[in-house]
Amino acid sequence: FGPSERSLNGQGIVFCPARIDRWASWPRDLFAGRGARIIEASAAQHDEIMSLVQALTHLSTMLTGLALAGSAYPRETLETFATPRFMERLEAVDRVFGENPRLYAEIVAANPGTAHIIASLEKNLEILKDFIVRGDAAGIADLLRNKHKEYFLQ
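Let me begin by describing the structure that accompanies this report. (Residues numbered from 1 in each chain as written. Predicted model: local features only at pLDDT ≥ 70, side-chain atom pairs only at ≥ 80, totals over all residues. Heavy atoms only, no water.)

Before going further, it helps to examine the overall build of the chain. Counting secondary structure elements, the chain contains seven helices and two strands. Counting from the amino terminus, helix and strand elements in the chain follow one another as β-α-β-α-α-α-α-α-α. Here the C-alpha atoms of the chain give a radius of gyration of 19 Å, more than 25% beyond the 15 Å that 2.2 N^0.38 yields for 154 residues. Judged by the C-alpha coordinates and their principal axes, the chain covers about 60 × 40 × 25 Å. Classification of the 154 residues of the chain by burial places 19% in the buried group. Relative to all contacts within the chain whose residues are 6 or more apart in sequence, the contacts with residues 24 or more apart total 64%. In the structure as shown, the chain presents an accessible area of about 11400 Å², 59% of it carried by carbon and sulfur atoms. Distance between charge centres in the chain, computed from 17 positive and 19 negative side chains, equals 3 Å. (Helix = DSSP H or I, 4+ residues; strand = E, 2+ residues; numbered from the N terminus. Rg over C-alpha atoms; globule rule 2.2 N^0.38 Å. Buried < 20%, exposed > 50% of the residue type's maximum accessible area, 1.4 Å probe, protein only. Contact = heavy atoms within 4.5 Å. Areas by Shrake-Rupley, 256 points an atom, 1.4 Å probe, with all protein chains shown as cover. Lys, Arg positive; Asp, Glu negative; His and termini not counted. Charge placed at Lys NZ, Arg CZ, Asp CG, Glu CD.)

Right under this line is the structure:
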């Protein structure tokens, strides 16, 4: 969750126990008392998962914004044609590029797992590019369907 959230209710707070066993209960109790979900993980597990949760999200938003900034169309034109989902993407771009770009830059640059995420994005972009160059929509659909079965329907 980010600075726009008004409440901790239902938000996840990750505690990475290390050398603070005797101090750990008061922040855990403080956040839990305000409705946060307390999650315990090692620092390494936190960073690896957050590379997917945060770095992947913010990288895709950065790429979207950079692609839009390099397009021939002004924002007003894009908004005229926009779907509700595209408007959500524009709002995400506005947050990353406008609110505090340094914060988002730090999130992607400081996480040691970001390099792995970038490699995965590059690999998967190449796979999709091959299908697209061939005009193989059925191949893309099969890829998505199979990945959905493998991962999302476990």
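Here the narrative resumes.
A few words now on the packing of aromatic side chains. Applying the stated rule across the entire model yields two aromatic pairs. For the pair Tyr151 and Phe152, a centre-to-centre distance of 4.8 Å together with 90° between the ring planes defines the contact as edge-to-face. Across from the ring centre of Phe15, 5.4 Å away, lies the NZ or CZ of Arg28, which sits over that ring. (Phe/Tyr/Trp six-rings, centres within 6.5 Å; stacked < 30°, edge-to-face > 60°. Lys NZ or Arg CZ within 6 Å of the ring centre and 35° of its normal.)

Let us now look at a nonpolar patch on the surface. Nonpolar side chains collect at one region of the surface, where Trp23, Trp26 and Leu30 lie side by side and expose about 360 Å² of accessible area between them. Here Trp23 shows up in the loop between strand S1 (12-15) and helix H1 (25-33). By relative accessible area, Trp23 is classed as partly exposed at 49%. (Patch = residues over 30% accessible without salt bridge, like charges linked within 9 Å, V, L, I, M, F, W, Y side chains within 5 Å. Salt bridge = Lys/Arg side-chain N within 4 Å of Asp/Glu carboxyl O.)

With that out of the way, let us pick up the pattern of salt bridges. Throughout the structure, instances matching the rule amount to eight salt bridges. Arg102 is the salt-bridge partner of Glu106, the closest N and O atoms lying 2.7 Å from each other. One end of the pair is Glu106 and the other is Arg102, both in helix H5 (residues 101-110) and four residues apart, which spans about a single turn. Among the residues examined, Glu106 registers a relative accessible area of 36% and is labelled partly exposed.

Residues of H5 that are buried: Tyr104, Ile107 and Val108. The arc enclosing the buried residues of H5, seen along the axis, measures out at 85°, which places them on a common side. Away from the buried face of H5 by more than 90 degrees, exposed residues Arg102, Ala109 and Ala110 are located. Elements in contact with the buried residues of H5: helix H2 (43-69), helix H4 (84-99) and helix H6 (114-133). (Arc of directions from axis to C-beta.)

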